[in-house]
Amino acid sequence: MIEKHIVLEDIDPVVFYGVGNAHLQMVKSLYPKLRIVARDNVLRVLGDEEEMAHLEENVQRMQQHIAKYNTISEEDILDIIKGRQTKADAVKGVVCYSLSGRPIKSRSANQQKLIDAFDENDMVFAVGPAGTGKTYLSIALAVKALKEKTAKKIILSRPAVEAGEKLGFLPGDMKDKIDPYLQPLYDALEDMLPQVKLQDMMEKRVIQIAPLAFMRGRTLSDAVVILDEAQNTTPQQIRMFLTRMGWNTKMIITGDMTQVDLPKQQTSGLKEALHILNGIEGIGVVELGQKDIVRHKLVTRIVNAYDAFDKINNKPNESINNHQLQL
């Protein structure tokens, strides 16, 4: 009889053990020849060497399953130990999974175009109205790249455009002042990564979230870099951002030309960039529309109502077509 310690790494042990240690009890019942004792993130195993090797291999597979899907069921555990494909593995076209195990994948033809454009280009512009999943899907693509180790870090940025309240009048230090602008990015990450792991990644700067102004002077390499709300950049800001690209880096720039918060006399940097960069090899442009809205059905009706209002009042329709761009 031998003894071995198996360390659970990069996952939440609570997910592995299950509610009330249900998963752990199931594993014990499937390995009756072994004595398994769990403490924190360490499994202390005593018993037959061959049986122990089999357990260690399957524990590794279970950890990989949790890292990929953020959850595991008793059915999954049984499939893994019996050497069968899990139901989650059989699902195709998934970018990554939410903490609840919900598959995050394209929900429209244009969302799939965004996924394909990311695979085929080093820089992608995703432009469309609120609720089309631009930011959420972009962050999912970045999380996937991080998990698959095709990128070493994720860098997320937004312009801190003041809308009503001046930064200087907001309470707190600089982080407290800028965090509200970055909250949508935190929300998406918190839906895809466990809180403890996310906090650890941010402390180690594997995931970085910063206002656009903090990008100046940097070279961003081995990363997926996302600029959100790019319609609120000035031409100088977006030019600065786009030229930060380093080796083995992919950039996604998202924006909604119907929600420009810049002063009326100020040209949107996104609008100018779409015009200047039209047709450059390695840059993909995807336009999402009302059919791609995946929020509450009222969002579609609201967008339609405002589009109709803009037409009646002869307001310009800021779409990619106005810039003579092609996908």
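Let us look at the structure shown here. Owing to the predicted nature of the structure, the values given are computational and were not obtained by experimental measurement. (Residues numbered from 1 in each chain as written. Predicted model: local features only at pLDDT ≥ 70, side-chain atom pairs only at ≥ 80, totals over all residues. Heavy atoms only, no water.)

Remarks on the pattern of salt bridges
Logical step 1: Counted under the stated rule, the structure contains 8 salt bridges.
Logical step 2: Asp 191 serves as the salt-bridge partner of Arg 102, at 3.1 Å between the closest nitrogen and oxygen. Here Asp 191 lies in helix α8 (residues 174-192) and Arg 102 lies in the loop between β4 (94-97) and β5 (103-105), a separation of 89 residues in the sequence.
Logical step 3: In this structure, Arg 158 and Asp 228 form a salt bridge, with 2.8 Å as the shortest nitrogen-oxygen distance. Of this pair, Arg 158 sits in strand β7 (residues 153-158) while Asp 228 sits in the loop between β9 (223-227) and α10 (235-242), and the two are 70 residues apart along the sequence. The pair Arg 158 / Asp 228 is uniform in exposure class, with both members buried.
Logical step 4: Salt bridges sharing partners connect three or more residues here, namely Arg 158, Asp 228 and Glu 229. (Salt bridge = Lys/Arg side-chain N within 4 Å of Asp/Glu carboxyl O. Helix = DSSP H or I, 4+ residues; strand = E, 2+ residues; numbered from the N terminus. Buried < 20%, exposed > 50% of the residue type's maximum accessible area, 1.4 Å probe, protein only.)

Some points on the sheet that holds strand β6 (residues 123-127)
Logical step 1: If you trace the 6 strands from one edge of the open sheet to the other, you get β8-β7-β9-β10-β6-β11, paired in parallel fashion. Edge positions in the sheet fall to β8 (207-211) and β11 (283-287), since each of these pairs with one other strand and no more. Going across the sheet, the axis of each strand differs from the next one's by a mean of 15°, ignoring polarity.
Logical step 2: Bridge analysis of β6 against β11 gives 5 bridges, and the strand direction is parallel. In the strand pairing of β11, Met 123 is matched with Ile 283.
Logical step 3: Relative to strand β10 (residues 250-255), helix α7 (residues 134-147) is tilted by about 165°, and along the sheet it contacts β6, β7, β8, β9 and β10. (Pairing = 2+ DSSP bridges. Axes fitted to C-alpha atoms, helices over the stretch in contact; angles between N-to-C directions. Contact = heavy atoms within 4.5 Å.)

So, the sheet that holds strand β2 (residues 34-39)
In a beta sheet, neighbouring strands are held together by backbone hydrogen bonds and run either parallel or antiparallel to one another.
Logical step 1: With antiparallel pairing, 3 strands are arranged side by side in an open sheet as β1-β3-β2. One side of each edge strand has no neighbouring strand; the edge strands of this open sheet are β1 (2-7) and β2. Adjacent strand axes in the sheet meet at a mean angle of 20°, parallel and antiparallel pairs treated alike.
Logical step 2: Where β1 meets strand β3 (residues 42-47), 6 bridges bridge the pair, whose relative direction is antiparallel.

A closer look at the environment of Gln 183
Logical step 1: By the element assignment, Gln 183 lies in helix α8.
Logical step 2: When the C-alpha positions of Gln 183 and Ile 209 are compared, they lie 9.8 Å apart, and in sequence the two are 26 residues distant.

Some remarks on helix α11 (residues 269-276)
Logical step 1: Of the positions making up α11, those classed as buried are Gly 269, Leu 270, Ala 273 and Leu 274. Axial view of α11: buried residues confined to an arc of 135°, hence all on one face. Residues of α11 that are exposed and point more than 90 degrees away from the buried face comprise His 275 and Ile 276.
Logical step 2: The inward-facing, buried residues of α11 contact β6, α10, β10 and β11.
Logical step 3: Between the side-chain oxygen of the N-cap and the backbone nitrogen of Leu 270 there are 3.3 Å, and the N-cap of α11 in question is Ser 268. (Arc of directions from axis to C-beta. Polar contact = N/O pair within 3.5 Å; in protein donor to acceptor, adjacent residues only side chain to side chain.)

Quick look at a nonpolar patch on the surface
Logical step 1: On the surface, Leu 298, Ile 302 and Tyr 306 cluster together into a nonpolar patch covering about 330 Å² of accessible area.
Logical step 2: Among the structural elements, Tyr 306 can be located in helix α12 (residues 297-312).
Logical step 3: With relative accessibility at 55%, the residue Tyr 306 sits in the exposed group. (Patch = residues over 30% accessible without salt bridge, like charges linked within 9 Å, V, L, I, M, F, W, Y side chains within 5 Å. Areas by Shrake-Rupley, 256 points an atom, 1.4 Å probe, with all protein chains shown as cover.)

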